[in-house]
Amino acid sequence: MDGSIYSNYPPPLDPAWEKFLVSTIKDWAIQNGLAVRPHPSFVPEGVDSKGVLATNAPVTLFPSLFPKARFEDAVALQTVYNELYAAITCNEAWLGKVMENLIDVDDFISNLWKVHLAVQKEGYVQTLSLGLFRSDYMIHAPSTSASPSLKQVEFNTISSSFGGLSSLVASLHSELLTSPPGRPISYPPHPLFDSRLPPSNTAVETLSAGLAAAHKAYGVSKSTPPLPLCILFIVQENERNIFDQLALSKQLSNVSKIPVFRVNSSEILDRTFIPEYNAFRPLIYQTHNPSVQFEATTVYLRAFYAPSDYNSPRDWEARTHLERSAAIKCPTVLNQLSGCKKIQQVLAEPAGPDHLSSFLPHKDPELIAKLRETFAPQYDLATEGQGRELALNPETAANHVLKPQREGGGNNIYKKEIPEFLRSIPESEWKRWVLMELIQPPAGPKNIALRSDGEVLRGNVVGELGVYGTILWDNSTGEISHNEQGGWLLRTKGKDVNEGGVAAGFSSLDSILLY
Ligand code: ADP
Ligand code: MG
Ligand code: MG
């Protein structure tokens with residue numbers, strides 16, 4: 001890796017210039033909706049009892065440098081990844097076999113599987129399934145390697161967030177890079193700024209187009225008499241990242257002219273119902289106006305991905321209620337489960353059956369090989385073997401991360417803590433976790449971040465690129481009617497921070513300059 005590209009980037013900023021940039025960004029963020037609700041710990045007790053406050057999303061002052069060829073690799077692989085995860089979701093038997101080992105040790109996975117079984121027993125009435133996916137990568141640049149490669153951190157099949165805000169960060173940085181003559185120049189000069197802008201970021205358009213494609217594919221109302229059609233966003237109460245979600249619903253309402261309603265996951269059973277006399281099982285949404293009802297074509301889950309979203313049997317009942325309805329789910333339970341870390345570990349197994357070729361039988365072997373190259377080594381911990389050896393030895397554990405079957409950040413165990421952690425839990429539970437080799441990002445990059453509480457952090461950073469993709473397919477035939485890539489996300493965190501989520505408080509939103 002040519003480390004020198006980072007050595008004078010970003011350009012030095014004296015305190016007055018930094019202050020100017022910070023205040024410009026702070027205001028731009030609120031004016032343009034690059035915002036989040038404040039974390040409760042930022043707000044003194046009693047100050048925001050009505051929940052009216054918002055603040056800038058954590059954001060870097062400068063775009064980060066990213067190797068152009070690796071960005072293009074990630075973009076080129078996205079529709080193949082979309083197909084792979086659609087194919088896995090279609091193969092209930094294969095998925096069930098992988099889940100089998102988790103079900104007896106992981107209540108959350110077990111309960112999700114039970115939802116699927118219950119609906120399968122009754123019979124699914126909707127075979128279409130929508131995926132709004134995000135594949136996350138880091139640049140792997142171990143000192144011994146000649147050229148940096150692209151390694152997948154994880155693949156997300158549920159609630160893939162930040163498409164709305166990431167496109168705003170690209171706009172913010174682009175504006176700062178192109179401040180017109182006659183205005184104060186926003187950034188100090190740097191040779192990389194001369195002709196470069198972040199690549200176009202169509203995350204909002206792409207994700208909304210995926211939802212709109214499902215809406216259209218649903219067809220006409222299944223109710224008698226027919227009802228107007230809508231899309232439902234299933235959300236968490238007190239969602240801090242609401243403006244990210246509103247970017248998508250606004251695009252759907254304003255551009256696609258599709259009505260969108262937000263429903264808290266805890267209110268699903270109060271606000272929606274399925275008429276029992278209707279064998280098509282349409283999902284009816286009761287608006288706040290008692291005389292107005294809509295039929296939901298599509299339910300987009302921005303909740304129900306974590307155990308904390310299921311606080312009582314009623315929440316599981318609500319998930320089952322959505323699953324058995326005629327609405328197209330984004331995602332279905334099976335599609336959610338296909339995104340388990342365990343699946344990613346099984347796909348990455350170097351020996352044994354060639355799962356990729358079986359799931360993608362018509363794909364060019366070269367393309368499959370490229371996809372396989374994005375896998376970092378991952379290990380099963382169910383039985384004695386290499387995984388356990390690496391995880392229990394403090395020296396080798398130091399180069400690994402231990403992941404459970406969870407989403408949303410803050411769930412992993414890192415490096416030297418792995419052996420001690422494993423020894424603190426019963427051996428019978430080790431199979432809940434997979435061990436993954438740490439990706440080694442380049443050491444040089446630096447940036448400055450404005451956090452949501454106004455704090456400014458600076459230093460060496462690590463970037464994680466997310467690439468968005470959408471796919472609509474038929475679970476019974478495997479037929480794909482929409483498969484697109486579009487939009488990206490860069491999250492940047494301090495070099496010594498293990499975790500990476502923005503919502504979980506570890507990273508800042510960023511954009512990229514390709515070199
Ligand atoms: P989640 O689904 O909770 O986001 P991830 O697999 O993305 O789980 O892990 C969370 C964070 O941990 C990532 O954003 C990244 O910063 C870090 N991480 C995960 N796997 C690796 C890895 N193999 N190498 C380096 N960092 C990793
Ligand atoms: Mg995830
Ligand atoms: Mg992640």
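Everything quoted here is computed from the prediction, not taken from an experiment.

Colleague: Looking at this model, I keep getting lost on the layout of surface pockets. Mind explaining?
Modeller: Taking a probe equal in size to a water molecule and rolling it over the atoms shows the remaining empty space. Empty space within the second largest pocket amounts to approximately 520 Å³. As for the second largest pocket, its lining consists of 23 residues, of which R37, P38, D48, G51 and N238 are closest to the centre.

Colleague: So what exactly am I meant to see when it comes to the coordination of the magnesium ion (ligand 2) here?
Modeller: Each pair of donors in an ideal four-coordinate tetrahedral metal site encloses 109.5 degrees, whereas pairs in an ideal six-coordinate octahedral site enclose 90 or 180 degrees. E154 (OE), E154 (OE), N156 (OD1) and E407 (OE) make up the full set of protein donors to the magnesium ion (ligand 2), lying at 1.9 to 2.3 Å. In the primary structure, the donors to the magnesium ion (ligand 2) are separated according to the pattern E-x1-N-x250-E. Taken as a pair, the magnesium ion (ligand 2) and the magnesium ion (ligand 3) show a spacing of 3.7 Å, with E154 coordinating each metal. Owing to a relative accessible area of 12%, E154 belongs among the buried residues under this scheme. On the accessibility criterion, N156 (5% relative accessible area) is buried.

Colleague: How should empty space enclosed by the protein be read in this particular structure?
Modeller: One pass over the full model with this rule turns up five cavities of 30 Å³ or more. The computed volume of the largest cavity comes to approximately 160 Å³. At the level of secondary structure, the elements contributing two or more residues to the lining of the largest cavity comprise β4 (64-66), β5 (128-140), β18 (456-474) and β19 (480-494). A volume near 120 Å³ is recorded for the second largest cavity. Its residues assigned to classes, the lining of the second largest cavity shows six nonpolar, five polar and three charged. Residues from two domains meet in the lining of the second largest cavity; each of domain 1 (15-376 + 439-514) and domain 2 (379-438) gives at least three.

Colleague: Help me understand the pattern of salt bridges, please; the structure alone is not making it clear to me.
Modeller: It is possible for side chains bearing opposite charge to pair when their charged atoms get close. Under the definition given, this model contains 22 salt bridges. Among the ionic pairs, K495 bridges to D496, the shortest N-O distance being 3.4 Å. For D496, a relative accessible area of 68% corresponds to the exposed category. A single salt-bridge network, built from bridges that share partners, covers E122, E276, R281 and R324.

Colleague: What exactly am I supposed to notice about the environment of S265 here?
Modeller: Position of S265 among the secondary structure elements: in the loop between β8 (260-264) and α9 (268-271). Measuring from C-alpha to C-alpha, the distance between S265 and R319 comes to 8.5 Å, with 54 residues separating the pair along the chain. Filtering out sequence-adjacent residues up to four positions away, S265 remains in contact with I234, V235, A303, F304, D309, D315 and A318.

Colleague: Would you mind showing me how to read the packing of aromatic side chains here?
Modeller: Here a ring pair, both rings aromatic, is described through the centre-centre distance and the interplanar angle of the planes. Counted under the stated rule, the structure contains 20 aromatic pairs. For the pair F62 and F193, a centre-to-centre distance of 6.4 Å together with 10 degrees between the ring planes defines the contact as stacked. Taken together, the positions of F62 in the loop between β3 (59-60) and β4 and F193 in the loop between α6 (163-177) and α7 (203-218) put the pair 131 residues apart, joining distant regions of the chain. Neither F62 nor F193 differs from the other in exposure class; each is buried. Positioned over the ring face of Y218 is K222, at 4.5 Å from the centre of the ring.

Colleague: Even after reading the chapter, I still don't get the site of ligand 1, so can you show me in this structure?
Modeller: Looking at ligand 1, there are 21 residues lining it, with K341, K403, G409, Y414 and E464 nearest. For ligand 1, whose unbound accessible area comes to 540 Å², protein coverage reaches 95%. Classifying every residue of the shell around ligand 1 by side-chain character gives seven nonpolar, five polar and nine charged.

Colleague: Help me understand the packing of helix α2 (residues 15-32) against α6 in this model?
Modeller: Where α2 contacts α6, the axes come no closer than 11 Å and their chain directions differ by 135 degrees. It follows from the interaxial angle that α2 and α6 lie oblique. Considering only the axes of α2 and α6, their crossing is right-handed. Across the interface between the two elements, L21, T24, I25, W28 and N32 from α2 touch L168, S171, L172, E175 and L176 from α6. Of the residues contributing to the contact of α2 with α6, the split by class is six nonpolar, three polar and one charged.

Colleague: Before we go on, may I ask you to explain the domain arrangement of the protein in this structure?
Modeller: Often the size quoted for an interface is simply the accessible area lost on bringing the parts together. Each assigned domain of the protein is listed with its residue range as follows: domain 1 (15-376 + 439-514) and domain 2 (379-438). Computed over C-alpha atoms, the centres of domain 1 and domain 2 are 26 Å apart. If you look at the interface, domain 1 gives 27 residues, while domain 2 gives 23 residues. Of the roughly 2,100 Å² buried at the junction of domain 1 and domain 2 (both faces included), carbon and sulfur atoms supply 51%. Between domain 1 and domain 2 we count five salt bridges in total. Where K341 meets E407, a salt bridge forms, and the shortest distance between an N and an O atom there is 3.0 Å. Elements with a minimum of two residues in the side of domain 1 that touches domain 2: α4 (92-103), α5 (107-122), β6 (149-156) and α12 (341-348).

Calculation criteria
Along every chain, residues carry numbers that run from 1 in the direction the sequence is written. Note on labels: chains are lettered from A, ligands numbered from 1, in written order. A pLDDT threshold of at least 70 governs which residues receive local features in this predicted model, and a stricter bar of 80 or more applies before side-chain atom pairs are shown or counted, although totals over entire chains, interfaces and linings include all residues. Only hydrogens and water are removed before side-chain values are computed, so all heavy atoms of the structure are retained for them. In the cavity and pocket records, a cavity denotes points on a 1 Å grid over the protein atoms alone where a 1.4 Å probe fits but cannot get out, a pocket denotes an open set with protein on both sides within 12 Å along at least 5 of 7 lines, and lining residues are residues with an atom within 4 Å of a point. Grid points are joined across faces, edges and corners, and a volume is the space filled by probe spheres set on the points. Any N, O or S atom lying within 2.8 Å of the metal counts as a donor, and for Na, K and Ca the limit rises to 3.2 Å; water is left out, so some sites can look incomplete. The rule is simple: take the accessible area with a 1.4 Å probe, protein chains only, and divide by the maximum for that residue type; under 20% is buried, over 50% is exposed, in between is partly exposed. Under the DSSP-based scheme used, a helix requires at least four consecutive residues in state H or I and a strand at least two consecutive residues in state E, with every element numbered from the N terminus. Classification used: nonpolar for Ala, Val, Leu, Ile, Met, Phe, Trp, Tyr, Cys and Pro, charged for Asp, Glu, Lys and Arg, polar for all others including Gly. Residue ranges assigned to the domains are those given by an automatic or database domain assignment. One speaks of a salt bridge when a side-chain nitrogen belonging to Lys or Arg is within 4 Å of a carboxyl oxygen belonging to Asp or Glu. By the convention used here, residues are in contact when the closest approach between their heavy atoms is within 4.5 Å. When two rings of Phe, Tyr or Trp (its six-membered ring) have centres within 6.5 Å they constitute a pair, described as stacked for plane angles under 30 degrees, edge-to-face for angles over 60, and tilted for the intermediate range. To sit over a ring, a charge needs its Lys NZ or Arg CZ within 6 Å of the ring centre and within 35 degrees of the ring normal. For this purpose, a residue is taken to be near a molecule or strand whenever a single non-hydrogen atom of the residue falls within 4 Å of it. Surface accessibility in these figures is a Shrake-Rupley result with a 1.4 Å probe; residues are shielded only by whichever protein chains are displayed. The axes are straight lines fitted to the C-alpha atoms, using for helices just the contacting stretch, and the angles between their N-to-C directions are given from 0 to 180°. The scheme is simple: roughly parallel for angles under 35 degrees, roughly antiparallel for over 145, roughly perpendicular for 65 to 115, oblique for anything else. Here a crossing is taken to be left-handed if its near helix is turned anticlockwise relative to the far helix by less than a right angle, and right-handed if that turn runs clockwise. Buried area adds together the accessible area that both of two parts lose upon being put together, with accessible area traced by a 1.4 Å probe.

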